[in-house]
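What the coordinates show
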Amino acid sequence: MAIIAGVLIAVITIGTISVNANAAMKVEAYTADIGGLSSILEINGNVESDSMKTYYSKVDGTIGKVHVKAGDFVKKGDIIVSYDADEIERLTAIAQSYKEADLGNYNNAVQTGKRTAGLYGEATRNIKVLDQQIADTQAALIQRQNDLANKRAALADEGAKLQISLIDWADKPDSEEFENLQKLVQTNAYEQQYSSEILQMQEEINSLGVALEGYKTYKAEMSSQKAATQMGLMTDGAKEEIEAIKTANELASDDTIANLNEAAGGIKAEFDGVVSGINVIEGCSVGKGTELVTIKSIDDVVVKLKANKYDIVNIEEGQITTVVIKNKEYTGKVSRISRMADEGGQSSAIGVEVKLDAPDSNIILGIEVKAKIQTANANDALRVPAHALWEDEDGTFVFVVKDDKAVKTKVETGVRNENMVEICSGINKGDVVVWNETSEITDGMSVKVN
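A short tour of the structure in this document, coming up. (Residues numbered from 1 in each chain as written. Predicted model: local features only at pLDDT ≥ 70, side-chain atom pairs only at ≥ 80, totals over all residues. Heavy atoms only, no water.)

**Some remarks on the side chain of Ser82**
Here is the rule we go by: Helix numbers and strand numbers start at the N terminus; a helix is a DSSP run of H or I with at least 4 residues, a strand a run of E with at least 2. Here the term buried applies to any residue with accessible area under 20% of the maximum for its type, exposed to any over 50%, and partly exposed to those in between, with areas from a 1.4 Å probe on protein chains only. Any pair of N or O atoms that falls within 3.5 Å is considered a polar contact. Within protein, one atom must be able to donate a hydrogen and the other to accept it, and sequence-neighbouring residues count only if both atoms are side-chain atoms. By the convention used here, residues are in contact when the closest approach between their heavy atoms is within 4.5 Å.
Secondary-structure assignment places Ser82 in strand β6 (residues 79-83). Judged by its relative accessible area of 17%, Ser82 falls in the buried class. Of note is the side chain of Ser82, whose polar atom sits 3.0 Å from the side chain of His67. If sequence neighbours within four positions are ignored, Ser82 has contacts with Ile63, Gly64, Lys65, His67 and Gly266.

Take a look at the structure:
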């Protein structure tokens, strides 16, 4: 009996050991399915504005009030800096006076030029007329002088002939012929001096002489006038110069007045943004070109990242990215990848910029965020958990349950993230893959889905 009992105990023990050896391992399981799958890459970065504007003073003046502080959010049209109103009004009046004075100087120059040109033209025209009058008068004077000389010569010739005749009749002094000849000689002598024709000629000669002297005197005056005005004549170049000066002065005055009018309304933000710098204080004097305030736009926001050499191979422009700022998620796209690594620290990094699609007033510039870049995406992927994936010298494999046994099955993978993996070949939809996070599964092992 003792021997039988011992045998039975041995049999029971051996049976127990056999049963324990063939007991199924409890495993986790997942049925391969079809669905969307994205590969996400997380990189730290900083939120920055991709555009900014520094406002400079366009006028010389005194700052009346600074309406913002560094870090303030401003909307388009908000007044950020205002000038002393009384001073701006005074400067505007002065600028307007300068503009009117410049216009007066221009008008005076034009009028003076026209007057000078008129005097020069008058002298030129008159000299031409006077030259002709002088020539005509001189010709008439010479003609009348010749006529007078010819008349006197004729009378003298006639007188000489009468004298000869009188000599011929001298031996008959009592004769009537002698008396007549004496009378004719006397008449001839008188006519040579006082005949009306000779007197008229003499008067005409005198008048022509006076007229000639008058013409010459007037010509001398016109010549002096022409010489005096010739130097003051405005050339085409001079006309163009004063026109250019007038235009330049008008533009400068209009620009100054426009800037003063703008300053009277204060310096206004041209877009929604955040004040990043203030360089003036209330009551200080500023000159034209002085830097006042800098504003960074929140309408054009980028997240600047630094990717290492392993991550950069998976990043491409256009990839969808999300960031969380103040518990709000913003979407964007990779907009720029630097083509040069930044040398800094222990290793180099490549700059990556993500442009946000719809930034708003909740954006905080300069804040550090974690950007999640969707580096790959598959809409109809055959998916299994990343935990189900194994690797050895033959490649990547999973364990598929067939008849309650784990069958080692080689697979090819595609898109993956920290949770799921795309299976490109090796298994089919509906296959059940298993894994155990604490124990090793071997090919052919009996398994029981937990």
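**A word on the sheet that holds strand β7 (residues 267-268)**
Using the following cut-off: Two strands are said to pair when DSSP picks up at least two bridges between them.
Taken together, the four strands give an open sheet; going across it, the order is β7-β6-β4-β9, and neighbouring strands pair in antiparallel fashion. Whereas interior strands pair on both sides, the edge strands pair on one side only; in this sheet they are β7 and β9 (285-286). Summarising the sheet, β6 and β7 pair through two bridges and their orientation is antiparallel. The residue of β7 that forms the bridge with Val81 is Ile267.

**Regarding helix α5 (residues 236-264)**
An α-helix turns once every 3.6 residues. As a result, residues three or four positions apart point the same way. Our working definition: An expected span of 1.5 Å times one less than the residue number is assigned to each helix.
If you check α5, its first and last C-alpha atoms are 42 Å apart, about what 29 residues at 1.5 Å a residue would give, namely 42 Å. Taken residue by residue, α5 has Ile242, Ser253, Ile257, Asn259, Leu260 and Ala263 as its buried positions. Elements that come into contact with the buried residues of α5 comprise β6 and α2 (85-168). Backbone geometry just after α5 places Gly266 at a positive phi near 90°.

**Section: the sheet that holds strand β3 (residues 52-56)**
Strand order in the open sheet formed by four strands is β3-β10-β8-β5, with antiparallel pairing between adjacent strands. Looking at the sheet topology across the chains shown, the edges are occupied by β3 and β5 (73-74). Pairing between β5 and strand β8 (residues 273-278): two bridges, direction antiparallel. Counted as the bridge partner of Phe73 is Val274 from β8.

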